[in-house]
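Here is what each chain is made of, one letter per residue.
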Amino acid sequence: MSVRRFFKTPKGLLTIVLAILAAIAASHEGMRVVAPGLLSAIVVAAALDVLILRTRHTRWAFPSGAILTGLIVAMVLSAQTPWTVVALTSALAIVSKYVVRTRAGNVFNPAALAIVATFPVFHAGQSWWGALPEVMPIAQVALVVGGVFIADRVNKMPLVLAFLATYYVLFTVTSFVSDPAWVSEVFRTPDLQAALFFALFILTDPPTSPVKYRDQIVFAVIVAVASYAIFEWMGAVYYLLAGVLIGNVWEGWRRVHRRTGQTFPGGVGLFLREVTPWRLRP
């Protein structure tokens, strides 16, 4: 595929949008601060994916998905996170795509899984600097415009709208029935921009999200409720990312159920066998 054709695909367009957001954010964070983590995440993810793809196929392949994963990992983690931590997190994200998967593809959003999995080890901060929380409000328009463009291009706007509606309704109701100070942060910077970035660029990941509108809405509600519950019960900084992982489990189960016809709980064993690294292929 030519470079021109690639940048007309959803992956190519998303790469452009994320690069623009990173450039805008870097003007505030400082290029010297942002560059080590951003570059290490992209280089490590791309190099590792190239090697894995080469062992699975007879031809070299361009690691477009790995570059996007590296970008997202770096743009979610704090810009001050040591580059070695960002690189290791990015590497885990790539490996997870090939380890935990069904016949339909990887089960979990790789960036989300890696960030959540490495948090107990590195306790890396998550500033979501790529969501432009600290830039001028007029510059934040780029986040919304670019995100809506991508979500529409991959036909996931119902997913985005259903998630944001459910997510903010839950927190709004909570602010009336309990201490509003506890949930007020989700309506302010940087959590507000993080939720938008999450909904527009992470939740809509085509390999790990549904295609049909009805399934998109169910998926969105599951993620919103899970994210809300994790915030309320644990207060974990990764509540959004953990929420999408729970949604990914549902989507992975749904795909296996659709193919095999196995229902809950009888199909749980089949599902678990399929997503383990030691699964046997017929």
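Everything numeric in this text was worked out from a predicted model, so none of it was measured. (Residues numbered from 1 in each chain as written. Predicted model: local features only at pLDDT ≥ 70, side-chain atom pairs only at ≥ 80, totals over all residues. Heavy atoms only, no water.)

Examining the environment of Thr 102
Item 1. Its location among the elements puts Thr 102 in strand β1 (residues 101-102).
Item 2. Among the residues examined, Thr 102 registers a relative accessible area of 3% and is labelled buried.
Item 3. Residues Thr 102 and Phe 271, spaced 169 residues apart in sequence, show a C-alpha to C-alpha distance of 8.3 Å. (Helix = DSSP H or I, 4+ residues; strand = E, 2+ residues; numbered from the N terminus. Buried < 20%, exposed > 50% of the residue type's maximum accessible area, 1.4 Å probe, protein only.)

Structural notes on the packing of helix α2 (residues 10-29) against helix α7 (residues 141-153)
Item 1. Between α2 and α7, whose axes approach to 10 Å, the crossing angle comes to 170°. If you check the angle between α2 and α7, you find them roughly antiparallel. When α2 is examined against α7, the residues Pro 10, Leu 13, Leu 14, Val 17, Leu 21 and Ile 24 are found in contact with a partner set consisting of Ala 142, Leu 143, Gly 146, Phe 149, Ile 150 and Arg 153. (Axes fitted to C-alpha atoms, helices over the stretch in contact; angles between N-to-C directions. Parallel < 35°, antiparallel > 145°, perpendicular 65-115°, else oblique. Contact = heavy atoms within 4.5 Å.)

Focus: α7
Item 1. Across its 13 residues, α7 extends 18 Å between first and last C-alpha, which sits within 8% of the 18 Å expected from 1.5 Å per residue.
Item 2. Among all positions in α7, only Leu 143, Gly 146, Gly 147, Ile 150 and Ala 151 are buried. Looking down the long axis of α7, one finds its buried residues gathered within 130° of arc, a one-sided arrangement. α7 presents Val 145 and Asp 152 as exposed residues on the side facing more than 90 degrees away from its buried surface. (Expected span 1.5 Å × (residues − 1). Arc of directions from axis to C-beta.)

Examining the pattern of salt bridges
Item 1. All chains considered together, the criterion is met by 4 salt bridges.
Item 2. Note that Asp 49 and Lys 97 form a salt bridge whose closest N and O atoms lie 3.9 Å from each other. Residue Asp 49 is located in helix α3 (residues 31-56), and its partner Lys 97 is located in helix α5 (residues 83-99); the two are separated by 48 residues in the primary sequence.
Item 3. Here Arg 254 ties to Asp 215 by a salt bridge, and the two come within 3.2 Å at their closest N and O atoms. One end of the pair, Arg 254, is in helix α12 (residues 239-260); the other, Asp 215, is in helix α11 (residues 213-233), with 39 residues separating them in the sequence. (Salt bridge = Lys/Arg side-chain N within 4 Å of Asp/Glu carboxyl O.)

Notes on the packing of aromatic side chains
Describing an aromatic ring pair means giving the distance of the ring centres and the angle of the ring planes.
Item 1. Taken as a whole and assessed by the stated rule, the structure comprises 13 aromatic pairs.
Item 2. Between Trp 128 and Phe 197, the aromatic rings sit 6.0 Å apart at their centres with planes inclined by 80°, giving edge-to-face as the arrangement. Within this pair, whereas Trp 128 is found in the loop between α6 (110-122) and α7, its partner Phe 197 is found in helix α10 (residues 191-202), the two being separated by 69 residues in sequence. Comparing Trp 128 with Phe 197, the two get one shared label, buried. (Phe/Tyr/Trp six-rings, centres within 6.5 Å; stacked < 30°, edge-to-face > 60°.)

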